[in-house]
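# Structural characterization, general
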Amino acid sequence: MIISTKYLITGDGKTVLTDKAVYIGEDGKIGKIAPKEELLKEFPQEEVKEYGDATLLPGLMDMHAHLAYGYSQPDSFNFGAQLIMLYALQHAQAAFERGITTVRDMSSAHGVCKNLKLAEKKGFIVIPRIVHTDTGICMTGGHAWDEVEEADGPWAIRKEIRKQVRDGAEWVKILTTNREPYPEFTQEELDAAVDECHRRGIKCGVHAGTNPGIQMCIDAGFDTIEHGTFMTLDHAKQMAEKGIAWTPTIMAYTYLYKLCKENIEKNGDAPVSDPVMQKEMANYEFFEPAYKAYRDHFKEFYDTGVTVLAGTDMVMYHSPLLPLPRELQYMVEYGITPVQAIQVATSNPAKVLGVEKERGLVAEGLDADLLVVGGDLSRDITRLKDVKFVTLGGKRVFEDGIRYVGTGNMFM
Ligand SMILES: [Zn+2]
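Keep in mind it's a predicted model, so treat the numbers as computed, not measured.

### Topic: the overall build of the chain
- Broken down by element type, the chain carries 13 helices and 17 strands.
- Scaling as 2.2 N^0.38, a compact globule of 412 residues should have a C-alpha radius of gyration of about 22 Å, and the chain matches this with 21 Å.
- If one aligns the C-alpha atoms of the chain with their principal axes, the spans along those axes are about 65 × 45 × 45 Å.
- Once local pairs closer than 6 in sequence are excluded, the contacts in the chain between residues at least 24 apart make up 69%.
- On the chain, roughly 17,200 Å² of surface is accessible, and the fraction owed to carbon and sulfur atoms is 50%.
- On the chain, the mean spot of the 45 positive side-chain charges and the mean spot of the 60 negative ones are 4 Å from each other.

### What about the domain arrangement of the chain?
- Annotation of the chain at the domain level lists domain 1 (2-59 + 360-400) and domain 2 (60-322).
- When each unit is reduced to the centre of its C-alpha atoms, the spacing between domain 1 and domain 2 is 31 Å.
- Taken together, the 15 residues of domain 1 in the interface contact twelve residues of domain 2.
- Summed over both partners, the interface of domain 1 with domain 2 buries about 970 Å², with 69% contributed by carbon and sulfur atoms.
- Of all residues in domain 1, the largest losses of buried area upon contact with domain 2 belong to Gly 59, Leu 392 and Val 397, amounting jointly to 43% of the total for that side.
- Taken together, the links from domain 1 to domain 2 amount to two salt bridges.
- Where domain 1 touches domain 2, the interface holds two residue pairs in polar contact (both at pLDDT 80 or more).

### A short note on the coordination of the zinc ion
- The protein atoms that coordinate the zinc ion are His 64 (NE2), His 66 (NE2) and Asp 313 (OD), at distances spanning 2.1 to 2.2 Å.
- Taken in sequence order, the residues that donate to the zinc ion follow the motif H-x1-H-x246-D.

### Observations regarding the pairing of strand 5 (residues 60-65)
- In terms of burial, strand 5 is a largely internal element, six of the six residues being buried.
- Pairing of strand 5 with strand 6 (residues 100-105), which is carried by four bridges, proceeds in the parallel orientation. The residue of strand 6 that forms the bridge with Ala 65 is Asp 105.
- Assessed by its sense of winding, the connection that carries the chain from strand 5 through helix 2 (residues 81-94) to strand 6 is right-handed.

### A look at the packing of aromatic side chains
- Overall, the coordinates contain 15 aromatic pairs when judged by the stated rule.
- Relative to Tyr 87, the ring of Phe 79 has its centre 5.6 Å away and its plane inclined at 85 degrees; by these criteria the two rings are edge-to-face. Note on accessibility: Phe 79 and Tyr 87 belong to one class, buried.
- Ring centres 4.4 Å apart and planes at 10 degrees place the aromatic pair Tyr 257 and Tyr 291 in the stacked group. Taken together, the residues span a long stretch of sequence, with Tyr 257 in helix 8 (residues 250-267) and Tyr 291 in helix 10 (residues 284-302) at a distance of 34 residues.
- We classify Tyr 291 as buried; its relative accessible area is 14%.
- An aromatic cluster of at least three residues, connected via ring pairs, comprises Phe 230, Tyr 253, Phe 286, Phe 287 and Tyr 294.
- The cationic tip of Arg 104 hangs over the ring face of Trp 171; the distance from NZ or CZ to the ring centre is 4.7 Å.

Cut-offs and rules
Once a new chain begins, its residue numbering starts again from 1 and follows that chain's sequence as written. Side-chain atom pairs in this predicted model are given and counted only at pLDDT of 80 or more, local residue features only at pLDDT of at least 70, and totals for whole chains, interfaces and linings cover all residues. Think of the side-chain values as coming from all heavy atoms in the structure, minus any hydrogens and water. Only DSSP runs of H or I covering at least 4 residues are called helices, and only runs of E covering at least 2 are called strands; the numbering of each starts at the N terminus. Just to be clear, the radius of gyration here is over C-alpha atoms, and the globule rule we use is 2.2 Å times residues to the power 0.38. Only heavy atoms enter the contact rule, under which two residues are in contact if any of them lie within 4.5 Å. Accessible surface area values rest on a Shrake-Rupley calculation with a 1.4 Å probe, where residue burial reflects the displayed protein chains alone. Think of it this way: Lys and Arg go in the positive column, Asp and Glu in the negative one, and His and the chain ends go nowhere. Every charge is mapped to an atom, namely NZ of Lys, CZ of Arg, CG of Asp or CD of Glu. Domain extents, as shown, originate in an automatic or database domain assignment. Once two parts are put together, the accessible area they lose, assessed with a 1.4 Å probe and summed over both, is termed the buried area. By definition here, a salt bridge exists when the distance from a side-chain nitrogen of Lys or Arg to a carboxyl oxygen of Asp or Glu is within 4 Å. Two N or O atoms form a polar contact when they lie within 3.5 Å of each other; inside protein one atom must be a possible hydrogen donor and the other a possible acceptor, and for residues adjacent in sequence the pair counts only when both atoms belong to side chains. A donor here means any N, O or S atom no more than 2.8 Å from the metal (3.2 Å for Na, K and Ca); water is not included, so a site may seem to lack partners. Only protein chains enter the accessibility calculation, which uses a 1.4 Å probe. A residue is then buried if its area is under 20% of the maximum for its type, exposed if over 50%, and partly exposed in between. We call two strands paired when DSSP finds no fewer than two bridges between them. When the strands point away from the viewer, a crossover counts as right-handed if the route from the first strand across the helix to the second turns clockwise. Working definition: rings of Phe, Tyr and Trp (its six-membered ring) pair if their centres are within 6.5 Å, and the pair is stacked with planes under 30 degrees apart, edge-to-face with planes over 60 apart, and tilted otherwise. Comment: the charge-over-ring label is applied if NZ (Lys) or CZ (Arg) is within 6 Å of the ring centre and within 35 degrees of the ring normal.

See the structure below:
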């Protein structure tokens, strides 16, 4: 297959090529990048996809998702092992219409992601590439305790990590702050979690949004800090220096802030009947400064050179699934360029996941996880909404509004 577009964003944060086409080889890798005429001559039998005024870029990576999150559903009691698998499947496949080809799941019900991957390997289903933790780990009564595993003390935490690694976890997720200004795990517990992961060669991310929890997580040496909502410029500098990446999840907090604000404007102090909304309204006082913290500080933190990752973390009932294009739009609104924003969702995640030699860039020899959007994305990040074509390992998974996920490769 040859894909031809006017613009090509490689994903390195700076390079935009024009009037180039990409040849995808039989092996599902990018075989050659060259002017279209040259490729047509070299590969005359190939199917040609001509998109004209459009942009080709690497498939996007959502670095903070919860594919199997049924807790915010009004009938969450129905979301047992069977239903949650089907929910996670449709959630994962929704990635394709957003141009997402890799998802890092940062805590889902035990075994869901592992089994999705197994089903994909067997050819039952077509899903994006998934890199996953098991369920998150918090202290007893800590953040999201009713959704994740509770563990207290270094050895209980180490034991839980060992169990999760035994059961197929590829990353570990720790949660150590909630909305309050005190940390949950002690330094000793955080240090133990990081040590247990790193000595096993596993990376670990941590939910840390408030202080002094953020500094404790930097000191412990986590690989990624999730949210970092109230981090400071000094924190960002330390993270840049220590190689700790930051997944801000601007969208999640902004969405909740706006939702609560709308509710207040519409209903005033009237009691909220929807139990899901009730829970969020209780956190309004947190969401407003959270929204402002991202808006006012994102760019100065980005400028420290800290590795920024795009993640959505949208688990609210009725919230859009994996709205990564909107997350990148916020980053551009707050001061970075569209081409830099694309790097945050492509080659930055690839490096943090340790797959930069396989994907994350449009470059010869890498997997053809590719995305075509209409128009010049290097000038207008909102063009990400106009997804025309997506390939995963060279195979079409989305085209003109249709997902190509109905059959796997089981019988081929
Ligand atoms: Zn999350």
